[in-house]
Amino acid sequence: MSRNTVTRRSAIHGNGVFAARKLPAGTEVMEYTGRLRTHAYIDKVYADTVESGHTFLFTLNERYVVDGNFDSNDARWINHSCDPNCKPYIIENEAGDKKLDRIVIETQRDIEKGEELTFDYGIRLDCRHTARLKKIWACRCGSPKCIGTMLKPKR
């Protein structure tokens with residue numbers, strides 16, 4: 001575990017990741033790790049999880065998804081916020097090997113010791129965003145900028 005963070009219960013949801021010390025803007029906090037899966041595999045295995053309102057899946061690129069349900073680290077506990085203090089970045093492999101692309105979480109602003117780390121999940125679902133589905137994917141970030149759901153409008 002990073003000396004920059006600590007994982008514990010969160011007021012937002014379940015577990016959360018918190019700054020163990022003051023973190024300046026632009027600090028790479030940690031990599032989001034997990035088992036590498038193809039989009040086809042994810043679509044097949046997790047097809048029925050849209051109704052759960054919970055995911056550890058992170059799109060890496062057009063070919064792969066990082067499945068934080070397996071072989072993961074504490075980055076999977078970073079909660080969503082509509083007014084996030086961190087942002088995930090994809091670092092593409094210089095040789096073009098999509099399997100070696102990485103996801104890193106970086107602070108967007110200075111973060112105080114004890115503050116919970118958050119990022120915008122940017123969840124896009126192909127199905128119709130009904131009131132019921134928005135409730136299942138409800139946001140609990142508590143920000144004045146909260147839009148009430150983790151779902152992003154369809155493109």
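Below is a short write-up of the structure.

Cut-offs applied
- Residues numbered from 1 in each chain as written.
- Predicted model: local features only at pLDDT ≥ 70, side-chain atom pairs only at ≥ 80, totals over all residues.
- Heavy atoms only, no water.
- Helix = DSSP H or I, 4+ residues; strand = E, 2+ residues; numbered from the N terminus.
- Rg over C-alpha atoms; globule rule 2.2 N^0.38 Å.
- Buried < 20%, exposed > 50% of the residue type's maximum accessible area, 1.4 Å probe, protein only.
- Contact = heavy atoms within 4.5 Å.
- Areas by Shrake-Rupley, 256 points an atom, 1.4 Å probe, with all protein chains shown as cover.
- Pairing = 2+ DSSP bridges.
- Axes fitted to C-alpha atoms, helices over the stretch in contact; angles between N-to-C directions.
- Core = buried A, V, L, I, M, F, W, Y, C linked by side-chain atoms within 4.5 Å.
- Polar contact = N/O pair within 3.5 Å; in protein donor to acceptor, adjacent residues only side chain to side chain.
- Salt bridge = Lys/Arg side-chain N within 4 Å of Asp/Glu carboxyl O.

### Things to note about the overall build of the protein chain
Helices and strands together make up the secondary structure of the protein chain, namely two helices and ten strands. Its helices and strands taken in sequence order, the protein chain reads β-β-β-β-α-β-β-β-β-β-β-α from the N to the C terminus. The globule rule puts the C-alpha radius of gyration for 155 residues at 15 Å, and the 16 Å found for the protein chain is close to it. In terms of overall dimensions, the protein chain has a C-alpha envelope of 45 × 40 × 25 Å along the principal axes. Residue burial in the protein chain is summarised as follows: out of 155 residues, 37% are buried. Across the protein chain, contacts joining residues at least 24 apart in sequence account for 68% of those joining residues at least 6 apart. Carbon together with sulfur atoms contributes 49% to the accessible area of the protein chain, which is approximately 9,100 Å² in total.

### Some words on the sheet that holds strand S8 (residues 86-91)
Pairing between sheet strands relies on hydrogen bonds along the backbone, with the strands arranged either parallel or antiparallel. Judged by pairing direction, the sheet is antiparallel, and its three strands sit side by side in the order S3-S9-S8 without closing on themselves. Of all the strands in the sheet, just strand S3 (28-31) and S8 have a single pairing partner and so form its edges. Strand-to-strand, the axes of this sheet are offset by a mean angle of 30 degrees, without reference to chain direction. Both S8 and strand S9 (residues 102-107) contribute to a ladder of six bridges, which runs antiparallel.

### What to know about the nonpolar core
Core analysis: the largest hydrophobic core is formed by 19 residues, its most contacted members being Tyr32, Ile78, Ile103 and Leu117. For this core, the secondary structure elements donating two or more residues are strand S2 (15-19), S3, strand S6 (64-67) and S9. Setting aside its immediate chain neighbours within four residues, Tyr32 contacts Phe56, Leu57, Phe58, Val66, Gly68, Asn73, Ala75, Arg76 and Ile103. In this structure, Ile123, Leu125, Trp137 and Cys139 belong to the second largest nonpolar core, which totals nine residues.

### Quick notes on the side chain of Asn61
Assignment of secondary structure puts Asn61 in the loop between strand S5 (57-59) and S6. Judged by relative accessible area, which is 9%, Asn61 ranks as buried. Here the side chain of Asn61 touches Tyr64 through a polar contact of 2.8 Å, landing on its backbone nitrogen. Sequence-distant contacts of Asn61, that is, excluding residues within four places in its chain, are made with His39, Lys98 and Asp101.

### With respect to the pattern of salt bridges
Summed over all chains, the structure comprises nine salt bridges. The residue Lys145 makes a salt bridge to Asp83 at a minimum N-O spacing of 3.8 Å. Note that Lys145 is positioned in the segment after helix H2 (131-136) and Asp83 in the loop between strand S7 (79-80) and S8, a separation of 62 residues in sequence. When its relative accessible area of 55% is taken as the criterion, Lys145 is described as exposed.

### Focus on the sheet that holds S6
Taken together, three strands build an open sheet; the order of strands is S4-S6-S5 and the sheet is antiparallel. A single partner strand is all that each edge strand has here, and the edge strands are strand S4 (35-38) and S5. Direction aside, neighbouring strands of the sheet carry axes that sit 35 degrees apart on average. Two strands pair when backbone bridges link them, and S4 and S6 are joined in this way by four bridges, in the antiparallel orientation. Paired with Thr38 across the strands is Tyr64, a residue of S6.

### Considering unusual backbone geometry
With a phi angle near 55 degrees, Asp71 is a residue other than glycine that sits in the positive phi range. In this structure, Asp71 sits in the loop between S6 and S7. Accessibility expressed as a relative area gives 54% for Asp71, which makes it exposed.

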